[in-house]
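Here is how the chains run, residue by residue.
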Amino acid sequence: MSNTPKKFGKKEKDFSGKIQKILATHANKAFNYKQIAAILDVDDTKSRNEIIKDLKILASQKKIIESEPGKYLVKAISKDYYEGTIDMTSRKTAYFICKDEFAEDVFIPTNNLNRALDGDTVKVYVYNRRKGKRPEGEVIEVVERKKTEFVGVIDIQKNFAFVSTANAKMYTDIFIPKDKIGEAEQGDVVIAKIEDWPKKADSPFGSIIKVLGKPGEHDTEIHAILAEYGLPYDFPVEVEVFAQKLDTEIHPEEIAKRRDMRDTLTFTIDPKDAKDFDDALSFKILENGNYEIGIHIADVSYYLEEGTILDDEAYQRGTSVYLVDRVVPMLPEVLSNFACSLRPHEEKYTFSAIFELTEKAVLVNQWFGRTVIYSDQRFAYEEAQYIIETKDKTIPAEISITGEAYVVPDPIVTATLKLDDLAKILRNKRMADGAISFDKVEVKFNLDENAEPIGVYFKQSKDANHLIEEFMLLANKKVAEFIGKQKKTFVYRIHDEPNEDKLINLQGIISKFGYSINFKSKKDISQSLNRLLENVNGKKEQNLVDTLTIRSMSKAKYSTHNIGHYGLAFEYYSHFTSPIRRYPDVMVHRLLQYYLDGGNSVSEEVYEEKCGHASNMEGLATSAERDSVKYMQVKYMQDHKDQEFLGVISGVTEWGIYVEIMENKCEGMCRIREIKDDYYTFDDKQYALVGEVSGNILQLGDEVFVKVKNADLVKKQLDFHFIRRNEQE
């Protein structure tokens with residue numbers, strides 16, 4: 001008897017599944033059993049008979065069609081084939097996301113990826129759909145690549161090169177033929193474009209389309225961050241030329257078409273290093289004792305005409321990108337820093353929301369339209385905060401943006417203090433209605449003239465920030481409400497309720513610190529979240545809890561379908577106040593003026609697509625901004641390798657602990673094998689590492705001392721040496 005095993009001695013459970021996959025890969029093409037056997041590399045009689053039997057069963061189940069006797073093809077629409085997107089893990093496996101069909105994501109093993117990359121739109125065959133079995137899938141076809149350009153480091157061999165990326169979700173390097181290496185030199189950071197992925201090749205084939213520079217060099221890494229997300233860092237020449245030719249003069253005939261507010265007291269409050277001032281406040285006491293408050297926004301849509309290359313460029317960018325050491329603006333400087341910037345002592349065209357408020361901040365009147373203003377004063381937040389805190393009109397030199405002490409005119413002091421009073425009433429009402437107060441600590445860097453980080457500081461919102469925020473929120477809310485109640489197509493900023501599963505996970509973590517969430521009602525949830533954020537303020541676990549709470553929230557986005565804004569507790573909300581740096585605000589300005597002029601409702605479909613693009617660009621910009629902060633943190637820590645830092649455990653995994661340094665919020669990893677005082681294992685119930693000999697526990701929120709082991713600028717990662725626990729805790 002032969003010892004040679006048969007290729008299919010025992011029928012495999014998913015044998016019919018393999019047939020379906022073959023037919024699905026060649027949709028609408030008919031195969032007989034011999035052709036299928038050849039593809040499966042099967043030549044024994046028993047297996048061929050099984051194929052014939054399975055073909056007949058599948059046809060009787062109407063999963064495939066017998067197009068002519070003995071020939072079969074896959075049904076055009078089969079319930080086991082779905083279209084969706086791939087979400088890669090860092091372990092070379094993936095999940096298939098198809099929210100309309102599956103409550104949970106479908107697991108895709110490595111060998112079933114079939115050349116799909118992270119974010120690709122794919123067609124997937126799903127099996128194991130029976131109850132109790134986790135569904136798994138196989139990619140049948142890549143419908144559309146999410147991206148074809150990748151940032152990486154080039155390794156040049158004699159006749160070819162490879163580009164490898166630092167992105168953990170990119171599981172393959174890119175093969176570059178010799179004639180497509182271009183100007184790149186060994187070790188350069190480059191942008192490679194995937195052009196083909198031949199069937200028998202392990203890696204996709206590509207070409208070098210741009211050389212960014214040497215790894216670790218400052219400009220190289222910043223440009224690499226932008227390129228990773230497909231974001232530009234300069235304007236095409238033709239766009240700059242077009243912008244330079246714009247007429248930015250103020251004309252009497254245009255003023256005549258607008259509400260003239262140049263004689264009304266007006267001022268701006270912005271960060272001290274701001275260059276684009278896109279909002280101003282005006283203040284007037286009316287004869288009836290009420291207050292006229294004007295929220296004046298740069299009239300970008302006056303200069304930015306639809307259908308021009310300037311508008312196309314702004315739409316594609318969608319938003320300005322605020323990196324640690326630079327701003328990549330949505331609009332060229334001639335507009336963002338000059339024509340549209342509401343600079344002091346200059347007349348400017350604005351689009352305004354003007355409200356009449358009582359002493360108790362009750363709205364009794366509103367007006368929207370185009371205006372012309374003259375800003376009497378520019379404040380930095382610190383200067384306005386000084387007036388609010390001290391009621392003193394003399395700004396000291398150390399706070400003054402000019403570097404010299406000066407006296408603020410009485411009417412501006414009065415206006416600042418009254419606006420602060422009204423803002424506090426508006427804020428308290430919002431909180432009472434169920435708004436959530438996210439005042440997350442922002443990490444900022446002091447940079448030297450070469451953009452090297454020489455210090456870290458934290459930015460927190462104070463009364464002056466809240467003053468501006470409340471009046472911007474009021475304008476955004478009332479503009480949205482004004483159009484929303486007319487039932488016309490509009491661009492809303494929406495924010496869904498939090499996912500309950502995420503809140504339950506949050507509850508599991510915060511309970512370790514003695515906090516809890518009240519799940520009784522929507523209002524109870526938001527009130528207990530506010531209480532949580534208040535209680536952690538100033539504590540060692542604050543940044544961890546703030547971050548986890550924000551992650552448990554839904555993402556705000558742009559849409560024509562209004563569902564309200566959960567986080568702000570508003571039924572209607574939009575973005576009207578920052579058209580210099582956000583394209584949705586430009587759309588809002590245009591639609592508002594069009595409707596004020598009596599226009600009919602515009603196409604919902606067209607604007608929904610624009611909203612999707614704007615939300616996507618905002619997400620990319622946020623990721624780039626986050627990466628630039630990580631890069632600066634790693635760069636800062638490179639120069640502090642011999643220093644011992646006190647940190648708090650901010651994450652626990654089977655391979656180690658994440659530690660966030662208290663004094664600068666830099667986060668890095670201590671690998672489990674390098675914590676030498678015991679042999680530690682991961683306990684997922686406690687979110688902890690447990691020492692097998694000592695029983696020592698390292699868990700979320702514990703304080704530990706660490707030193708920098710490695711600072712990788714390219715991967716933007718820190719590795720720490722674990723020194724010891726903080727026993728004084």
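Residues numbered from 1 in each chain as written. Predicted model: local features only at pLDDT ≥ 70, side-chain atom pairs only at ≥ 80, totals over all residues. Heavy atoms only, no water.

Draft legend 1. Structural context of the overall build of the chain. If you tally the helices and strands in the chain, you get 17 helices and 35 strands. Each principal axis of the C-alpha atoms in the chain carries an extent, and together these give about 110 × 70 × 60 Å. Looking at the chain as a whole, 50% of its 729 residues qualify as buried. Considering only intrachain contacts with a sequence separation of at least 6, the fraction spanning at least 24 residues in the chain is 64%. Of the accessible surface of the chain, which amounts to about 36000 Å², a share of 47% is contributed by carbon and sulfur atoms. Positive and negative charge centroids in the chain, built from 102 and 121 side chains respectively, lie 8 Å apart. (Helix = DSSP H or I, 4+ residues; strand = E, 2+ residues; numbered from the N terminus. Buried < 20%, exposed > 50% of the residue type's maximum accessible area, 1.4 Å probe, protein only. Contact = heavy atoms within 4.5 Å. Areas by Shrake-Rupley, 256 points an atom, 1.4 Å probe, with all protein chains shown as cover. Lys, Arg positive; Asp, Glu negative; His and termini not counted. Charge placed at Lys NZ, Arg CZ, Asp CG, Glu CD.)

Draft legend 2. Representation of the pattern of salt bridges in the model. Using the criterion set out here, one finds 40 salt bridges in the structure. Measuring nitrogen to oxygen at the nearest pair gives 3.5 Å for the salt bridge that ties glutamate 185 to lysine 214. Here glutamate 185 is found in the loop between strand S10 (174–177) and strand S11 (189–196), whereas its partner lysine 214 is found in the loop between strand S12 (205–213) and helix H4 (218–228), with 29 residues between them in sequence. Among the residues examined, glutamate 185 registers a relative accessible area of 49% and is labelled partly exposed. Linking lysine 418 and glutamate 359 is a salt bridge whose minimum nitrogen-to-oxygen distance equals 2.5 Å. Of this pair, lysine 418 sits in helix H11 (residues 410–432) while glutamate 359 sits in the loop between strand S19 (347–357) and strand S20 (363–374); the two residues are 59 residues apart in sequence, bridging distant segments of the chain. Accessibility expressed as a relative area gives 43% for glutamate 359, which makes it partly exposed. What emerges from the salt-bridge pattern is a single network uniting Glu254, Lys257, Arg258, Asp299 and Arg370. (Salt bridge = Lys/Arg side-chain N within 4 Å of Asp/Glu carboxyl O.)

Draft legend 3. Seen up close, empty space enclosed by the protein. In the structure shown here, the tally under the stated rule is 1 cavity of 30 Å³ or more. The calculated volume of the largest cavity comes to roughly 30 Å³. In terms of lining residues, the largest cavity is bounded by Leu231, Pro232, Arg317, Thr319, Val321 and Val328. Among the residues making up the lining of the largest cavity, the classes are represented as 4 nonpolar, 1 polar and 1 charged. (1 Å grid on protein atoms, 1.4 Å probe; cavity = no way out; pocket = protein on both sides within 12 Å on 5 of 7 lines; lining within 4 Å. Points joined across faces, edges and corners; volume = space filled by probe spheres on them. Nonpolar A, V, L, I, M, F, W, Y, C, P; charged D, E, K, R; others polar.)

Draft legend 4. Highlighting helix H10 (residues 381–390). Counted residue by residue, H10 has 7 buried out of 10 residues, so it is predominantly covered. Of all the residues in H10, the buried ones are Tyr381, Glu383, Ala384, Gln385, Tyr386, Ile387 and Ile388. Where H10 is buried, its residues meet strand S14 (266–270), strand S21 (377–380), strand S22 (394–395), strand S23 (406–407), H11 and helix H12 (463–484).

Draft legend 5. Main features of the layout of surface pockets. Quantified by volume, the second largest pocket comes out at close to 670 Å³. The wall of the second largest pocket is formed by 17 residues, among which Thr25, Asn114, Arg115, Ile140 and Lys199 lie closest to the centre. Taken together, the elements giving at least two residues each to the lining of the second largest pocket come down to helix H1 (15–25) and strand S7 (136–144). A per-element tally of the lining of the second largest pocket places S7 first, with 5 residues. Partitioned by chemical class, the residues of the lining of the second largest pocket number 7 nonpolar, 3 polar and 7 charged.

Draft legend 6. Region of the structure containing the packing of H11 against H12. Contact geometry of H11 with H12 gives a least axis separation of 8 Å together with a crossing angle of 65 degrees. Relative to H12, the element H11 lies roughly perpendicular. For the element pair H11 and H12, the recorded crossing hand is left-handed. For the pair formed by H11 and H12, the contact residues are Thr416, Leu419, Asp420, Leu422, Ala423, Lys424, Leu426, Arg427 and Arg430 on the first element and Asp463, His466, Leu467, Glu469, Glu470, Phe471, Leu473 and Leu474 on the second. Residue classes in the contact of H11 with H12 are distributed as 8 nonpolar, 2 polar and 7 charged. (Axes fitted to C-alpha atoms, helices over the stretch in contact; angles between N-to-C directions. Parallel < 35°, antiparallel > 145°, perpendicular 65-115°, else oblique. Left-handed = near helix turned anticlockwise from the far one by under 90°.)

Draft legend 7. Just the sheet that holds strand S32 (residues 688–691), in detail. Read from one edge of the open sheet, 3 strands run S31-S32-S33, paired in antiparallel fashion. Two strands in the sheet have a free side with no partner beyond their single neighbour: strand S31 (680–683) and strand S33 (697–699). If you compare each strand with its neighbour and ignore which way they point, the axes differ by 25 degrees on average. Bridge count between S31 and S32: 4 bridges; the pairing is antiparallel. Paired with tyrosine 680 across the bridge in S32 is glycine 691. (Pairing = 2+ DSSP bridges.)

Draft legend 8. Structural view of the packing of aromatic side chains. Tallying each qualifying case throughout the model produces 17 aromatic pairs. Following the ring pairs from residue to residue traces out a cluster consisting of Phe160, Phe162, Phe175 and Phe205. The ring of tyrosine 302 carries arginine 258 above its face, with NZ or CZ at 5.3 Å from the centroid. Above the face of the tryptophan 367 ring, arginine 259 is positioned so that its terminal group lies 4.7 Å from the ring centre. (Phe/Tyr/Trp six-rings, centres within 6.5 Å; stacked < 30°, edge-to-face > 60°. Lys NZ or Arg CZ within 6 Å of the ring centre and 35° of its normal.)

Shape is all these values report; function is a separate question.
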